[in-house]
Amino acid sequence: MNDDDAFLSIGDLARRTGLPVKTIRYYADIGLVPPTGRSPAGYRRYDAVAVARLDLVRTLRELGIDLATVRQVLDRTLSLAEMATAHAAALDAQIRLLRTRRSVLRAVAALGIHDHEELDLMNRLAHLSAAERQQIIDDYWSSAFEGLDTDPAFADRMRSVRVDLPDDPTPAQVEAWVELAELVQDPDYRARVRQMAEAGARSGAPSPAETALYESVLELVTPLQSAGTPPTAAEARLVVDQLAPRYAHARGVDDTDGFRRELGEQIALFSDRRVERYWELVGVINGWPARQAGSGSVAAMEWFAAALTASAGES
């Protein structure tokens, strides 16, 4: 291998492996790759076994393995397969973290954020674990339904929807998650949703006949609402005169002014654009099709509620 074809000097070893002499000496000093022996002049000498050991150390270090783990592998207290599995998992976590950081930075750039506190909030919310993110949503639903005699199937259906921010989120998904987390922790919004849940618990689920009227309302109301027709207009009264009797029939009551006012108040109570925004944001985060995330129907229902009240006042 050198003069006596048996050993390499530390300089020979450095040239062979590409490692600095200083690094090889350090590995020797900490017992990671001790020299096989020394020359009569006291210089370190390395045989083929030591060379192979150093090659393994170099490879593991290039893969980012820390020295303590390298020592475990060399001492055979940790197999290469076990080391590779553990380190691959650590790298996966690091890659997810880096991807999230990249998305946060892209979102900051896209939104033109200049406020340091807003940046800090976005960063903290984006770096929560999946369990921590879901806990925020679970707490939100608990605040809405806890202690109420709500339809269990409905409550379970709401709670079952997970918020799954991908490992490599887009800036839009990061933005959506930050907005969603802020929304569900807003006391005013929580109080509004609780009010809706309490009203729902008192009145019970709508009948199938009443539920079926929802599409009819959207079909008749959306064109007028989209066109900017006031709820007090004559065209609005014509629509209400078609729909109110059908609601009254579904409930087994007469279509009176009092009924129209009550129906308008109920529809207004359960129409909140922030609730619609909640589902839109969940859809963005989970990658749902736009039509599944939200239909934009709340504006139409708010218009219908106002038209019902207006028609009752005209009678």
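Predicted, not measured: the structure shown is a model, and the values here were computed from it.

Participant: Can you help me understand the packing of aromatic side chains in this one?
Facilitator: Both the distance between ring centres and the angle between the ring planes are used here to describe each pair of aromatic rings. Applying the stated criterion to the full structure yields 10 aromatic pairs. Taken together, a centroid distance of 5.7 Å and an interplanar angle of 80 degrees make the contact between Trp-141 and Tyr-278 edge-to-face. Of this pair, Trp-141 sits in helix α7 (residues 130-145) while Tyr-278 sits in helix α14 (residues 273-286); the two residues are 137 residues apart in sequence, bridging distant segments of the chain. With respect to burial, Trp-141 and Tyr-278 carry one shared label: buried. The interplanar angle of 35 degrees and the centroid separation of 6.1 Å between the aromatic rings of Tyr-247 and Phe-304 together place this pair among those described as tilted. Pair noted here: Tyr-247 is in helix α12 (residues 234-251) and Phe-304 is in helix α16 (residues 298-314), with a separation of 57 residues, a long-range link.

Participant: What am I meant to see in the side chain of Ser-271 here?
Facilitator: As for its placement among the helices and strands, Ser-271 is situated in the loop between α13 (257-269) and α14. Using a relative accessible area of 9% as the deciding quantity, one classes Ser-271 as buried. At a separation of 2.6 Å, a polar atom in the side chain of Ser-271 contacts the main-chain carbonyl oxygen of Ile-267.

Participant: Sorry if this is basic, but what is going on with the sheet that holds strand β3 (residues 44-46) here?
Facilitator: Where strands meet in a sheet, backbone hydrogen bonds hold them as pairs that are either parallel or antiparallel. A sheet is described by the order of its strands in space; here three strands give the open sequence β1-β3-β2, paired in antiparallel fashion. On the outer flanks of this sheet lie β1 (8-9) and β2 (37-38), each paired with one strand and no other.

Participant: I'm lost on the nonpolar core in this one. Help?
Facilitator: Generally speaking, soluble globular proteins have nonpolar side chains that are buried together. By size, the foremost hydrophobic cluster in this structure holds 33 residues, and its most contacted members are Ile-137, Trp-141, Trp-177, Leu-180 and Tyr-278. Contributions of two or more residues to this core are made by α5 (80-111), α6 (116-126), α7, α8 (152-160), α9 (171-184), α10 (187-203) and α14. With eight residues, the top contributor of residues to this core is α9. If near-sequence neighbours (up to four positions away) are discounted, Tyr-278 is found in contact with Ile-137, Tyr-140, Trp-141, Leu-180, Leu-183, Val-184 and Tyr-189.

Participant: Got a minute to help me understand the pattern of salt bridges in this structure?
Facilitator: Side chains that differ in charge, positive against negative, can pair when their charged atoms come close. Evaluated as defined, the whole model comprises 14 salt bridges. Salt-bridge contacts for Arg-277 lead to Glu-179; the nearest nitrogen and oxygen are separated by 2.8 Å. With Arg-277 in helix α14 and Glu-179 in helix α9, this residue pair connects regions lying 98 residues apart in the sequence. Three or more residues joined by partner-sharing salt bridges are found here, namely Asp-188, Arg-192, Asp-272 and Arg-274.

Participant: Explanation requested: the packing of helix α1 (residues 10-17) against helix α2 (residues 21-29) in the structure shown.
Facilitator: At a closest axis distance of 9 Å, the pairing of α1 and α2 adopts a crossing angle of 115 degrees. For the element pair α1 / α2, the angle class is roughly perpendicular. The handedness of the crossing between α1 and α2 is right-handed. On α2, the residues that touch Ile-10, Gly-11, Leu-13, Ala-14 and Thr-17 of α1 are Val-21, Ile-24 and Arg-25.

Participant: Sorry if this is basic, but what is going on with the side chain of Thr-69 here?
Facilitator: Inspection of the secondary structure assignment puts Thr-69 in helix α4 (residues 67-74). Judged by relative accessible area, Thr-69 falls into the buried class, the value being 17%. Of note is the side chain of Thr-69, whose polar atom sits 2.9 Å from the side chain of Asp-66. The contact partners of Thr-69, leaving out residues within four places of it in the chain, are Leu-78 and Met-83.

Criteria and cut-off values
Residues take numbers from 1 onward in each chain, read along the sequence in its written order. Local features in this predicted model are restricted to residues of pLDDT 70 or higher, and side-chain atom pairs are both shown and tallied only at a pLDDT of 80 or more, whereas totals for entire chains, interfaces and linings draw on every residue. The side-chain quantities take in all heavy atoms of the structure and omit both hydrogens and water. Any pair of Phe, Tyr and Trp rings, taking the six-membered ring for Trp, is counted once the centres come within 6.5 Å. Such a pair is stacked with planes under 30 degrees apart, edge-to-face with planes over 60 apart, and tilted for the rest. The secondary structure listing takes helices from DSSP runs of H or I that are at least 4 residues long and strands from runs of E that are at least 2 residues long, numbered from the N terminus. Only protein chains enter the accessibility calculation, which uses a 1.4 Å probe; a residue whose area is less than 20% of its type maximum is buried, one above 50% is exposed, and one in between is partly exposed. Here a polar contact is recorded for every N or O atom pair within 3.5 Å, except that within protein the pair must consist of a potential hydrogen donor and a potential acceptor, and residues adjacent in sequence are included only if both atoms are side-chain atoms. Pairs of strands are assigned from DSSP output, requiring at least two bridges between the strands. Only buried Ala, Val, Leu, Ile, Met, Phe, Trp, Tyr and Cys residues count toward a nonpolar core, and they belong to the same one when joined by side-chain atoms within 4.5 Å. Any two residues whose heavy atoms approach within 4.5 Å at even a single point are treated as in contact. Within this document, salt bridges are pairs made up of a side-chain nitrogen of Lys or Arg and a carboxyl oxygen of Asp or Glu, the two lying within 4 Å of each other. Each axis is a line fitted through C-alpha atoms, and for a helix only the stretch in contact is used; angles between axes span 0 to 180 degrees, taken between their N-to-C directions. By definition in this entry, angles of less than 35 degrees are roughly parallel, angles greater than 145 are roughly antiparallel, angles of 65 to 115 are roughly perpendicular, and the rest are oblique. Crossing handedness follows the turn of the near helix against the far one: under a right angle anticlockwise gives a left-handed crossing, and clockwise gives a right-handed one.

Any link to function would need more than the numbers given here.
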